[in-house]
Amino acid sequence: MIITKKQFAMLICALLFIIPFFCGNGALNARAVASAYSNVLDDLTKDSDFDIEEYPAIKGDYSLQVIQIAESTDGELLVYVYQPGAQAVDYKAKTINIAREPDNSINLSFKSYSLTYQNCTGVFYKYKVNDFKVNSDPARYYNISNILRAWDRYLDMNTDNGNTVSEVPYAVGQYWTVTGTGETVSYHMTTSEIVEIKDKYVGFVNYTDGVNIKWNGMMNGSTDAHFVAFSTNKQIDKLLSVKLEFNEQTINCKYCSNFSHSVTHGYHTYFDIVKSNPEPNEKTITYSEKGGNVGGGNIVHADPYAWYRIRTTSEFLADENNKDYNLTKGTTDNVKSTQWVLSFYETQRYRKTNETDYWQVLNPAGALFVGDLDVRYTTVSDVMLLQLEFETDGQTYKLGVVDNKQTGGNTPGNEPTPNNPLEQAKRNAVISIIVMVAVGVIAVIILICIFVPGAAPAIGKGILTGLWWVISAPVQIIKSIVAAAERRKATAAAKSTTSKKTGKKK
């Protein structure tokens, strides 16, 4: 039989359409479009290939395994999850990461979506993807890299590096192609390559931006440079870009920094307002991009620093141990075993004196009794990597990431060196306060001697008495201690003698 060119072309087209559904790791599933409110098991059993026996309950397995997706009648995306340990613990999925581009390995753009629980039967759970609208294209693509559940203190271990985890990840690595509409919609799944994050550590380093004094007050600031260190399960020769998300909170508070209070009570916060951004920040950084602090200051000058946002761990350690700052031992120990460090975000800390206390400037001694500081700073939490773009053996990849949501501690991961400008300023400030108080006391004594006749002898006697008390006080304290010890010894001896006379045992 002779096949014409036209027949041959039609045959090739037919094969190109059919072959994808018989190759790969997925299956062709033809079913009616699901409703967000339909029962999970009713939806799954519409597929004749679905076998409930393949999904047993497994004690101690609290994983999440995506087994199917569906587009609802309302244009929503539904996700069906097998949860082996659900009959023992009713745990829920919270977040899923999805890219919607037709390419499976390049030009992907992953985004994090929250999930809403719909219903469950046994180990089968159904969720709706929030803020996700199915488009009207003939073919729709859903590349799912990662699904997460809430961290549970009964199911999960704490980190050993001082960080906290809010959501635990599970790899998905599924690439879904959906075609058709209505009763003829079809779902086909193949696997997609993903990158898993290991040895993750979140923290920040702090750089001073100097001290500025104006006519109505003083302000000093600093920069918190937030970073995340990590390794991966893949070889990466050059990390080109990273997409990640995180939450932030802006905190305004007032500190009582009264010098006289600090001796007995220490500095403390007595007013606090927290403002949270409702949506996570999504950010993409590149290997050529730089971050830094502003530096400056008209009274105490601080040098500006700059750093690449993407660094190898060895570059990070070398950059952050410099003439003004050193990484703490804890930070060094937690970072040195990783491969990469991302300095992804900078926030400012501002501290200023109360601008209404003008009399402080006129009366140096007033620094002992007032000293409120208005403080504003920003915290970063729930850091999660979404995708990595990198080169390996000359090939470029952009892949989804399997990562948790992790938060660092509240203290900087570095500390000033002794010659740091801010440390010098602190020492100078203490010396200045002591000098100002001494000058103020001497000035008051002189004024009293001038305007109060006959006060000089009394003041002189008082000063000599005070000096004598300061000099003799240690001797008197030692005498009191010795006398108390002698009294205790005499009392013990008397009790012993009495016991012997009465015949009582000691």
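Residues numbered from 1 in each chain as written. Predicted model: local features only at pLDDT ≥ 70, side-chain atom pairs only at ≥ 80, totals over all residues. Heavy atoms only, no water.

Re the overall build of the protein
Looking only at helices and strands, one finds 8 helices and 23 strands in the protein. Here the protein holds 506 residues, and 41% of them are scored as buried. In the protein, of all internal contacts separated by at least 6 residues, the share reaching a separation of at least 24 is 70%. (Helix = DSSP H or I, 4+ residues; strand = E, 2+ residues; numbered from the N terminus. Buried < 20%, exposed > 50% of the residue type's maximum accessible area, 1.4 Å probe, protein only. Contact = heavy atoms within 4.5 Å.)

Focus on unusual backbone geometry
Even without glycine at this site, Asp199 takes up a positive phi of about 50°. With respect to the helices, strands and loops of the structure, Asp199 is situated in strand E10 (residues 194–214). You will see that Asp382, though not glycine, has its phi angle at about 50°, which is positive. Within the secondary structure, Asp382 is located in strand E20 (residues 372–392). On the accessibility criterion, Asp382 (19% relative accessible area) is buried.

Focus on the pairing of strand E7 (residues 139–150)
Within E7, 9 of the 12 residues are buried, which leaves it mostly tucked inside the rest of the structure. Looking at chain direction, strand E4 (residues 93–99) and E7 are connected through 6 bridges and run antiparallel. Looking at the pairing, Ile96 lines up with Ile147 of E7. In the sheet, E7 pairs with strand E8 (residues 164–179) via 11 bridges, with the strands oriented antiparallel. The residue bridging Ala139 from the neighbouring strand is Thr179, located in E8. (Pairing = 2+ DSSP bridges.)

Topic: helix H4 (residues 313–320)
Residues separated by three or four positions in an α-helix point in the same direction, a consequence of the helix having 3.6 residues per turn. Among the residues making up H4, those that are buried are Thr313, Phe316 and Glu320. In an axial view of H4, the angular spread of the buried residues amounts to 60°, which keeps them on one side of the axis. Exposed side chains of H4 directed beyond 90 degrees from the buried face belong to Ser314 and Ala318. (Arc of directions from axis to C-beta.)

A closer look at the pattern of salt bridges
Tallying each qualifying case throughout the model produces 20 salt bridges. Close ionic contact of Asp403 with Lys200 constitutes a salt bridge, the shortest N to O distance being 2.9 Å. Highlighted residues: Asp403 in the loop between strand E21 (395–402) and strand E22 (405–407) and Lys200 in strand E10, separated in sequence by 203 residues. You can call Lys200 buried: its relative accessible area is 8%. (Salt bridge = Lys/Arg side-chain N within 4 Å of Asp/Glu carboxyl O.)

Re the packing of aromatic side chains
Counted according to the given criterion, the structure contains 21 aromatic pairs. Taking the centre distance of 5.3 Å and the plane angle of 35° together, the rings of Tyr207 and Trp307 count as tilted. You can see Tyr207 sitting in strand E10 and its partner Trp307 sitting in strand E16 (residues 306–308), a full 100 residues away along the chain. There is no split in this pair, since Tyr207 and Trp307 are both buried. Ring geometry for Tyr305 against Tyr325: centres 6.3 Å apart, planes inclined by 75°, an arrangement best described as edge-to-face. Residue Tyr305 is located in the loop between strand E15 (290–292) and E16, and its partner Tyr325 is located in strand E18 (residues 325–327); the two are separated by 20 residues in the primary sequence. Three or more aromatic residues joined by ring pairs make a cluster, and in this case those are Phe50, Tyr55, Tyr82 and Phe124. Across from the ring centre of Tyr91, 5.8 Å away, lies the NZ or CZ of Arg149, which sits over that ring. (Phe/Tyr/Trp six-rings, centres within 6.5 Å; stacked < 30°, edge-to-face > 60°. Lys NZ or Arg CZ within 6 Å of the ring centre and 35° of its normal.)

Things to note about the layout of surface pockets
The space that makes up the second largest pocket amounts to roughly 360 Å³. In terms of lining, the second largest pocket is formed by 19 residues, of which the most central are Lys198, Asp199, Lys200, Asn404 and Gln406. In terms of residue count, E10 provides more of the lining of the second largest pocket than any other element does, 5 residues in total. In terms of residue class, the lining of the second largest pocket is built from 5 nonpolar, 7 polar and 7 charged. (1 Å grid on protein atoms, 1.4 Å probe; cavity = no way out; pocket = protein on both sides within 12 Å on 5 of 7 lines; lining within 4 Å. Points joined across faces, edges and corners; volume = space filled by probe spheres on them. Nonpolar A, V, L, I, M, F, W, Y, C, P; charged D, E, K, R; others polar.)

So, the nonpolar core
Membership of the largest hydrophobic core comes to 44 residues, with the highest contact counts inside it found for Ile96, Ile98, Val129, Tyr142 and Ile147. Not counting residues up to four positions away in its chain, the partners in contact with Ile96 are Val79, Lys111, Ser112, Tyr113, Leu115, Val129, Ile144, Asn146 and Ile147. (Core = buried A, V, L, I, M, F, W, Y, C linked by side-chain atoms within 4.5 Å.)

Topic: the pairing of E8
Along any regular strand, the residues point their side chains to alternate faces of the sheet. Sheet topology note: the E8/E22 ladder contains 3 bridges and is antiparallel. Each bridged residue has a counterpart across the sheet, and for Glu167 the counterpart in E22 is Lys405. The antiparallel pairing of E8 with strand E9 (residues 186–191) creates a hairpin that spans 6 residues between the two strands, and Gly180 there sits at a positive phi of about 80°.

Describing the side chain of Thr347
Here Thr347 is to be found in strand E19 (residues 340–353). Contact partners of Thr347, with chain neighbours within four places excluded, come to Ser222, Thr223, Asp224, His226 and Thr378.

Some points on the confidence of the model for the protein
Across the protein, the average pLDDT comes to 81, with 71% of residues at 70 or higher. Low pLDDT, under 50, characterises residues 8–32; the stretch is placed with 38 contacts to residues that sit more than four places away or in other chains. Low pLDDT, under 50, characterises residues 355–369; the predicted model gives this stretch 16 contacts beyond four residues in sequence or across chains. (pLDDT = per-residue confidence, 0-100.)

Things to note about the environment of Asp324
When you line up the elements, Asp324 lands in the loop between H4 and E18. In this structure the side chain of Asp324 is engaged in a polar contact, spanning 2.9 Å, whose partner is the side chain of Tyr305. (Polar contact = N/O pair within 3.5 Å; in protein donor to acceptor, adjacent residues only side chain to side chain.)

Structural notes on the side chain of Glu320
Among the secondary structure elements, Glu320 is positioned in helix H4. Accessibility expressed as a relative area gives 2% for Glu320, which makes it buried. A polar contact is formed between the side chain of Glu320 and the side chain of Arg311, at a distance of 3.3 Å. In this structure Glu320 touches Val205, Tyr207, Arg311, Tyr325, Asn326 and Leu327, once residues within four positions along its chain are discounted.

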